[in-house]
Amino acid sequence: VAVKFDVSTDSFIILGFAPNPATSESELALYIPSNVNLNLSLSDPAARVVWNKKYHAAEGLEKIKIFHDYLPAAGIYFLQVSIDEKKEVFKIVVP
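Note that the coordinates shown come from a computational prediction; the quantities given were computed from them, not determined experimentally. (Residues numbered from 1 in each chain as written. Predicted model: local features only at pLDDT ≥ 70, side-chain atom pairs only at ≥ 80, totals over all residues. Heavy atoms only, no water.)

A.B. asks: I tried to follow the overall build of the chain on my own but got confused; where do I start?
C.D. replies: Helix and strand counts for the chain stand at 0 helices and 8 strands. Starting at the N terminus, the α and β elements of the chain follow one another as β-β-β-β-β-β-β-β. A burial count over the chain gives 40% of its 95 residues as buried. Considering only contacts within the chain whose residues lie at least 6 apart along the sequence, 49% involve residues at least 24 apart. Of the accessible surface of the chain, which amounts to about 5,400 Å², a share of 53% is contributed by carbon and sulfur atoms. (Helix = DSSP H or I, 4+ residues; strand = E, 2+ residues; numbered from the N terminus. Buried < 20%, exposed > 50% of the residue type's maximum accessible area, 1.4 Å probe, protein only. Contact = heavy atoms within 4.5 Å. Areas by Shrake-Rupley, 256 points an atom, 1.4 Å probe, with all protein chains shown as cover.)

Shown next as structure tokens:
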């Protein structure tokens, strides 16, 4: 099941995150209007960051693979996508 987003800020537009529930990996698709530094982080329900990654994203469509083998257990996680002060958070289910 693909989750389609139309989440837009001044800095980026999240186009989708699939699959969710996640398998061993998922892909985040977003549109970046200009070259930026992008930060992704996954947190557990207790707000502990379990994964964090910084990217230099070029203008245009970005597709980023997120592998779930580093997660401590199955469950619900929250993916935060941020550029500068703009951020979006959404829920990921890992069976």
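A.B. asks: How do you make sense of the nonpolar core when you look at a structure like this?
C.D. replies: By size, the foremost hydrophobic cluster in this structure holds 23 residues, and its most contacted members are Leu28, Leu40, Ile66, Leu79 and Val81. Of all elements in the fold, only strand S2 (13-18), strand S3 (25-32), strand S4 (36-43), strand S5 (49-57), strand S6 (60-67), strand S7 (75-83) and strand S8 (86-94) reach the threshold of two or more residues within this core. If we ignore the near neighbours within four places in the chain, the residues touching Val81 are Phe12, Ile14, Leu28, Leu30, Leu38, Asn39, Leu40, Lys86, Lys87, Glu88 and Phe90. (Core = buried A, V, L, I, M, F, W, Y, C linked by side-chain atoms within 4.5 Å.)

A.B. asks: It is not clear to me how the sheet that holds S8 should be interpreted in this structure. Could you clarify?
C.D. replies: Backbone hydrogen bonds are what pair the strands of a sheet, in a parallel or an antiparallel way. Spatially, the 4 strands line up as an open sheet ordered S5-S4-S7-S8, and their pairing is antiparallel. Each of the sheet's edge strands pairs with one partner strand only, and the pair in question is S5 and S8. Adjacent strand axes in the sheet meet at a mean angle of 20° when their direction is disregarded. Where S4 lies against S5, 8 bridges are found, and the strand directions are antiparallel. Its bridge partner being in S5, Ser41 is matched across the sheet by Asn52. (Pairing = 2+ DSSP bridges. Axes fitted to C-alpha atoms, helices over the stretch in contact; angles between N-to-C directions.)

A.B. asks: In this structure, what is going on with the packing of aromatic side chains? I would like to understand it.
C.D. replies: The geometry of an aromatic ring pair comes down to the distance between the two centres and the angle between the two planes. The tally for this structure, following the rule as stated, stands at 2 aromatic pairs. Aromatic side chains Phe17 and Phe90 sit 5.5 Å apart centroid to centroid with 65° between the ring planes, which places their arrangement in the edge-to-face category. Of this pair, Phe17 sits in strand S2 while Phe90 sits in strand S8, placing them 73 residues apart in sequence. The buried category is assigned to Phe90, whose relative accessible area is 9%. Both rings, one in Trp51 and one in Tyr70, keep their centres 5.4 Å apart while their planes meet at 15°; by these two values the pair is stacked. (Phe/Tyr/Trp six-rings, centres within 6.5 Å; stacked < 30°, edge-to-face > 60°.)

A.B. asks: Hey, could you run me through the confidence of the model for the chain in this one?
C.D. replies: Any segment with low pLDDT has predicted coordinates that should not be analysed in fine detail. Mean pLDDT over the chain works out to 85, with 88% of the residues at or above the 70 mark. Residue range residues 1-7 is modelled with pLDDT below 50. Its contacts to residues more than four positions away, or to other chains, number 19 contacts. (pLDDT = per-residue confidence, 0-100.)

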